[in-house]
Every structure is written in structure tokens, then in C-alpha cells.
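Read off the chains here:
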Amino acid sequence: MIDLLQSEYKKYKNTYIYSLGLLGMVSPVILIAIATFMVRDDLITQGIYTWHSFYGRLVAFFVYLIGPLFTSFIAISAVTHEYQSHTMGNILTTPYSRLRIILGKLGYVSLLVIGFYVCVALTNIFCAIILGFTITNTELIDYTSYLLLAGVTTLVIVPLALLLTVIFRSFIPAMIISVAGTIPNFAVYHWDKCYLSPWGVPEVIVLKAAGYLNNIDTVYPLTSILVYAGLFISALLIYFHYSDQY
Amino acid sequence: MNYAIETSHLTKAYGEFKAVSDLEIRVPAGKVYGFLGRNGSGKTTTIRMIMGLIRPDNGTVKIFGRKISRNRSEYLADIGAIIETPGFYPNLSAYDNLAITAKMFKAPEERINEALETVGLGGDLNIETKPVGKFSLGMKQRLGIANALVHSPRILILDEPTNGLDPAGILEMRELIRHLSQSMGITIFVSSHLLLEVQQVADYIGIIDQGKLIQEGSINMFNANEQNFLFLETDELQKTSQLLEFLGFDYEKIDIGFKIFCNREENVIINKKLVDNQIKVYNLESVSKTLEERFLGITNSQELVI
């Protein structure tokens, strides 16, 4: 598996996947920080506008919109890069089983996405220092772990985006599904309606389990995730049953 | 005889269209096997089934006597292949591309330079720096072979390796195939629709048409002197023409003589009759069929049977 991960790392050298992925993930934090500095500088000085307020805006914008979209983009690019380079045949004719190849790609994209979320969490702390917020240790740990948890739960998008791109050999269906799945994320603002969002549901479940969302009933989110998982596995099995590919 | 690749009743259909039908080929180990067929005859589909890229509807493939199956991809360690166009990551250098392949096959890194040497790219300064996306097609083809050789396979499968190459590139590719077979003992399975190309490198030939194997055997069998026509030059064209009509031969009059479409054995009869009729024979030349003419004859007669 390490060999597969190392190969995946090499493949994307000098591509837009690393640069655009990192820029896309980190730049919203910086833009929100700049906007905050321009509009709320006086309030920050007076201690009215706190890191908590800044972080609230960041979460709303990043976790439910930018994060899922860029996670999809990275997962889709990992497959389309192979199709565009005509290298899919090369990979499939190595002695690795299809399952290991898929798991290798899945593992690498997941590590990359989590790496980007770490960068976002660090940028968040960096912006807080630059903007002059009062930073407590509790906030530091809470906000960072919340962002990392959000990153981990966003990984639910990765297998779906990979599979759709493999099936259609194009980025378009996966991107449409990703955008369509991101729109209901705004429902997560109202936590009780979070089951409407395929990307928001795992996040709610994990955050509830981690004790961040105490007033949420988990029946609907759990039902939703089981339905999503059922649909995904059914699509996967149907595809591989009817596909003429090994 | 040891066979590197054997297929048995290999069949693949797309709806009503049978791309490959009941195909039985035997590729002797250590030889160059030319897999001939027109475009769309089923060559690439066969290769894709051998490589496990598509699932056959029926039949089996054996590699060195071991039957391949869906969940056993270890046999692929014995095979290096270029199917259609060689695939490379255009953003990476040639060396980096080969390093990825070496890693995937768990081949030692020294093999990268050895493979590059084999295809004549060893001393090239661009190998470690220039992105493959900027390479010429000829270089990409050679690099494709290096990529297929990096894990020291026992079988090399080349699907139309001369496609898009200029005459010099074709010549280089031909020499490379001969070198790989003779000096390294690799079994080479080369598919092509260019009969002349295959004729010049192959030890064995299999001809596929409409998904079916039409003929298979040693190149010597295909090179047998099957006469295409007898070229005849005489002093009296009118009299010769009358004689040929009297004897019932098909012929074609050309500027200085005749093309007579007859068997090799009939050359003697024609010569004797000409001499008996006091016609002076200046030239009597048996012209053999090229492999191409024979191939077209085989595939056309097959079409008539169907």
C-alpha cells in the first residue's frame, strides 16, 4: 500500500491539483480575514468581535461550501488525470488488484484532503494572531479539532466522486452531483434539517458524537446516511456486475 | 513446445456484434508472434482480454500455462504492454514516469536506466528533466517500450507499435523488436495491420479477421513460394495471346509481355507449348504472392464463405 501511496504522490507533481487544491482551501480563510480586518477592525480592538465570531463565519463558508467542493475537485482530478494521460491502462495492468488500486487512490486523496484541512486549521490560527484576537487554549483546541473533524467527515464525498468519474470517464457528472450535494449543505445551518445534505449528515453525526452538537436528534441523520450508503453500494454493485471490465 | 500465451474459445461480444469469436491462439515462448488483422478485426479486444482489462464472455487465457482469472493479477508481473497509445503523465519527466512504473511493479530503481539503455534513450539529457508531454511521438513510443520493460517482463505485448511513426521510426522499432527477442529472449506479441512490418520481424503469425482466427503458424509457412502470376516476354505477342486463349489460361497483356495467372506447375506446360509453337521466350519469371496478397486472399475468401 505504501508503494501505491508513493506513486500517487509522484503523479501529481507539477499539476494544478496540489496548487489549486491548496489555494482553493486556504484562500477563503485569508479572504474572510482580510474582509474582517477591513470592516470590523474597530470592533476587534474593542473586544466585541472575537475569534469565536470570526470562526463562526469561517465555518459557515468553508466547512459547508468550499471544503466539500474542493474535496470533490481533488477526488475527481485524481481520476481524470489518469484518463487525460492515458495511464489508466498502465495502472490496471500492474499486479495490484482493482480493490487495492482503488483503496490506494482513496487513501491518498483522503490524506491529501486532511492535509489541506490541517493547513486551513493552521491558517485559521495564523489569521487569529494577525487580527489580534484573544486566543484561549480551549478555543485553540476546539476550533482546530472541529475543523479536522469536519475534514474527516467530508471524506464521505471521495469514494462517490471517484466512482462517478470512473464510471462516466468524465468529471462532469461527479462535479454536478458534488455541487448538487453541496447546495443542501446550507440546511445544516438549521441543524435539525441536516439530513437533507449528503455531505452534512456524516459531519453532524460525528460532531454530535464528539459532543459539539448536544441538542440534535440523530435519528434523521442516521437514517439519511444509511439510505445514502445503501444507494452508493447498490450503484457500485450494479456497475461492476454489468460492466465488462474486470 | 512451451507457450507463453494460450487462449481457448476466447469470445467477446458487444450486443449483437462479436468482436472476438472462439479465438484459439498459441504464442510460443521466446518468439516474436505477429498478430495480423485489419482495423476492427478484434486485435485490441483480444489484447485487452489477455491483459485482464475486459472480461471475456467465454473462454480462457493461459500465461505460461497458468489460467488467468479475475482476482489473480499476479500474472501481470510477467507482462509488459503498450495498448494503443503509450500512456504517460505529461507533467513528469521520462525518468519519473518510469520510476512510478518501477514502484508499482516493485522493480529496483537501477532497472530504469537499463530499460532506457535498451531502447536507446540512455544518454539522453532530457530524460530526467524534460516533461514527457513535450516528447515527439517516436520518442514516446520508445519510452513506452522502456516503460513496459522496466520490470523485466517475460512477455512484451505491443499493440500497433508503429502507428504514427515515420519510416526511420518504423525501422528503429523493427530493430528494437528483433533485439529484444534475440538478445533478451523475451516473447513478443506484436499486433499490426501492416503485413510487411510483421513479415519482417515475426517468427510466428496469427491472422485474425472479423474476430476469428483464420490462420496461424510459422512465418516459413506463410513465406512459401505461392505463385501470384507468371511473367512472360516473347517475340510474338499476337501468337502468344492466341496460344494462351487456346490453352484456357487467365492472362493480362502488359506493355512488353503477359501476366499469366496460373499455378507454378503450369509454368512448365506453358513453356513447352511456346517452344513447340516456335515462339521465342525472352523472359519467363515466376512472381510470388506477397504476404499482403495472401492475407487479402485469405480474408476475402473467408468473407465469401460467410
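Each residue is numbered by its place in its chain's sequence as written, counting from 1. Chain A is the first chain written and ligand 1 is the first ligand written, with later ones labelled in order. Reporting of local features is limited, given that this is a predicted model, to residues whose pLDDT is at least 70; pairs of side-chain atoms are given and counted only at 80 or more, and all residues count toward the totals for whole chains, interfaces and linings. Only hydrogens and water are set aside when side-chain values are computed; all heavy atoms of the structure are taken into account.

## Structural notes on the overall build of chain B
Now for step 1: Helix and strand content of chain B: 10 helices and 15 strands.
Now for step 2: With C-alpha atoms as the basis for the radius of gyration, the globule rule is written as 2.2 Å multiplied by the number of residues raised to the power 0.38. Taken against the 2.2 N^0.38 rule, which gives 19 Å for 306 residues, the C-alpha radius of gyration of chain B at 24 Å runs more than 25% over that of a compact globule.
Now for step 3: Dimensions of chain B along its principal axes, counting C-alpha atoms only, are 80 × 45 × 35 Å.
Now for step 4: Partly exposed describes any residue whose relative accessible area lies between the buried limit of under 20% and the exposed limit of over 50%, with all areas from a 1.4 Å probe on protein chains only and scaled to the type maximum. For chain B, buried positions account for 49% of its 306 residues.
Now for step 5: For chain B, long-range pairs separated by at least 24 residues make up 70% of all intrachain contacts whose partners lie at least 6 apart in sequence.
Now for step 6: Surface accessibility in these figures is a Shrake-Rupley result with a 1.4 Å probe; residues are shielded only by whichever protein chains are displayed. On chain B, roughly 14,500 Å² of surface is accessible, and the fraction owed to carbon and sulfur atoms is 48%.
Now for step 7: When charges are counted, Lys and Arg contribute as positive and Asp and Glu as negative, whereas His and the chain ends are disregarded. Positions of charges follow a simple convention, taking NZ of Lys, CZ of Arg, CG of Asp or CD of Glu. For chain B, the distance from the average position of its 33 positive side-chain charges to the average position of its 39 negative side-chain charges is 6 Å. The helix count covers DSSP runs of H or I at least four residues long, the strand count covers runs of E at least two residues long, and both are numbered beginning at the N terminus. By the convention used here, residues are in contact when the closest approach between their heavy atoms is within 4.5 Å.

## Some details on helix α7 (residues 157–168) of chain A
Now for step 1: Here α7 of chain A contains 12 residues, and its C-alpha end-to-end distance of 17 Å stays within 8% of the 16 Å for a straight helix at 1.5 Å per residue.
Now for step 2: Residues Ile157, Val158, Ala161, Leu162, Leu163, Leu164 and Thr165 of chain A constitute the buried set of α7 of chain A. For a helix, the expected span equals 1.5 Å multiplied by the residue count minus one.

## Considerations on the environment of aspartate 57 of chain B
Residues and elements named next belong to chain B.
Now for step 1: Mapped onto the secondary structure, aspartate 57 falls in the loop between α1 (43–50) and β5 (58–63).
Now for step 2: Using a relative accessible area of 48% as the deciding quantity, one classes aspartate 57 as partly exposed.
Now for step 3: Residues aspartate 57 and histidine 9, 48 residues apart in the sequence, show an inter-C-alpha distance of 9.8 Å.
Now for step 4: Setting aside residues up to four positions removed in sequence, aspartate 57 forms contacts with Thr11, Lys12 and Ala13.
Now for step 5: Here a polar contact is taken to be a pair of N or O atoms separated by no more than 3.5 Å, where protein atoms must pair a possible hydrogen donor with a possible acceptor and residues adjacent in sequence count only if both atoms sit in side chains. Within the structure, the side chain of aspartate 57 is placed 2.6 Å from the backbone nitrogen of alanine 13, a separation counted as a polar contact.

## A closer look at a nonpolar patch on the surface
Now for step 1: Patches were defined on residues exceeding 30% relative accessible area and lacking a salt bridge, with like-charge contacts within 9 Å and nonpolar side-chain contacts (Val, Leu, Ile, Met, Phe, Trp, Tyr) within 5 Å. The term salt bridge refers to a side-chain nitrogen of Lys or Arg lying within 4 Å of a carboxyl oxygen of Asp or Glu. A cluster of nonpolar residues, Ile30, Leu31, Ile34, Phe37, Met38 and Val39 of chain A, forms a patch on the protein surface that exposes about 630 Å² of accessible area.
Now for step 2: Looking at where valine 39 of chain A falls in the secondary structure, it is placed in helix α2 (residues 16–46).

## Comments concerning the confidence of the model for chain A
Now for step 1: Scored by pLDDT, chain A has a mean of 79; 89% of the residues are at 70 or more.
Now for step 2: pLDDT is a per-residue confidence score from the predictor, ranging from 0 to 100. Within chain A, the lowest mean pLDDT, 72, falls on helix α9 (residues 200–209) of chain A, and the highest, 88, falls on helix α5 (residues 98–131) of chain A.

## Describing the pattern of salt bridges
Now for step 1: Across all of its chains, the model carries 13 salt bridges over all chains by this definition.
Now for step 2: A salt bridge links lysine 11 of chain A to glutamate 8 of chain A; its shortest N-O distance comes to 2.8 Å. Taken together, the positions of lysine 11 of chain A and glutamate 8 of chain A, both in helix α1 (residues 2–11) and 3 residues apart, correspond to about one turn of that helix. No difference in accessibility class separates lysine 11 of chain A from glutamate 8 of chain A, as the two residues are buried.
Now for step 3: For the salt bridge of aspartate 209 of chain B with arginine 38 of chain B, the shortest nitrogen-to-oxygen distance reads 3.5 Å. Of this pair, aspartate 209 of chain B sits in strand β10 (residues 204–209) while arginine 38 of chain B sits in the loop between β4 (32–36) and α1, placing them 171 residues apart in sequence.
Now for step 4: The exposure class assigned to aspartate 209 of chain B is buried, which follows from its relative accessible area of 6%.
Now for step 5: Judged by relative accessible area, which is 28%, arginine 38 of chain B ranks as partly exposed.
Now for step 6: Salt bridges linked by common partners bring Glu8, Lys11, Glu82 and Lys105 of chain A together as one network.

## Digging into the interface of chain A and chain B
Now for step 1: Contacts between the two partners involve 31 residues from chain A, matched on the other side by 28 residues from chain B.
Now for step 2: On the surface where chain A and chain B come into contact, there are 1 salt bridge.
Now for step 3: With its nearest N and O atoms 3.5 Å apart, the salt bridge here joins lysine 13 of chain A to aspartate 96 of chain B.
Now for step 4: Here chain A and chain B share 10 residue pairs in polar contact (both at pLDDT 80 or more) between them.

## Description of the nonpolar core
Now for step 1: Counting residues in each nonpolar core, the largest one holds 89 residues, and the members touching the most others are Phe54 and Phe62 of chain A together with Ile5, Ile63, Ile157 and Phe189 of chain B.
Now for step 2: Residues contacting phenylalanine 62 of chain A, with those up to four places away along its chain left out, are Met25, Gly67, Pro68, Tyr117, Val120 and Leu147 of chain A.
Now for step 3: Ranked by size, the runner-up nonpolar core spans 44 residues in total, among them Phe88, Ile127, Leu165 and Ala202 of chain B. What we call a nonpolar core is a set of buried Ala, Val, Leu, Ile, Met, Phe, Trp, Tyr and Cys residues that are connected through their side-chain atoms within 4.5 Å.

## Some remarks on the environment of arginine 100 of chain A
All names here are of chain A.
Now for step 1: Secondary-structure assignment places arginine 100 in helix α5.
Now for step 2: Since its relative accessible area comes to 36%, arginine 100 is described here as partly exposed.
Now for step 3: Separated by 76 residues in sequence, arginine 100 and glycine 24 place their C-alpha atoms 29 Å apart.
Now for step 4: Once residues within four sequence positions are removed from consideration, arginine 100 is found in contact with Met1 and Leu4.

## Examining the side chain of serine 93 of chain B
Residue and element names in this part refer to chain B.
Now for step 1: Mapped onto the secondary structure, serine 93 falls in the loop between β7 (79–82) and α2 (94–104).
Now for step 2: The exposure class assigned to serine 93 is buried, which follows from its relative accessible area of 5%.
Now for step 3: There is a polar contact of 3.2 Å between the side chain of serine 93 and the backbone nitrogen of aspartate 96.
Now for step 4: Other than its neighbours up to four places away in sequence, serine 93 contacts Ile127, Glu128, Thr129, Lys130, Pro131 and Val132.

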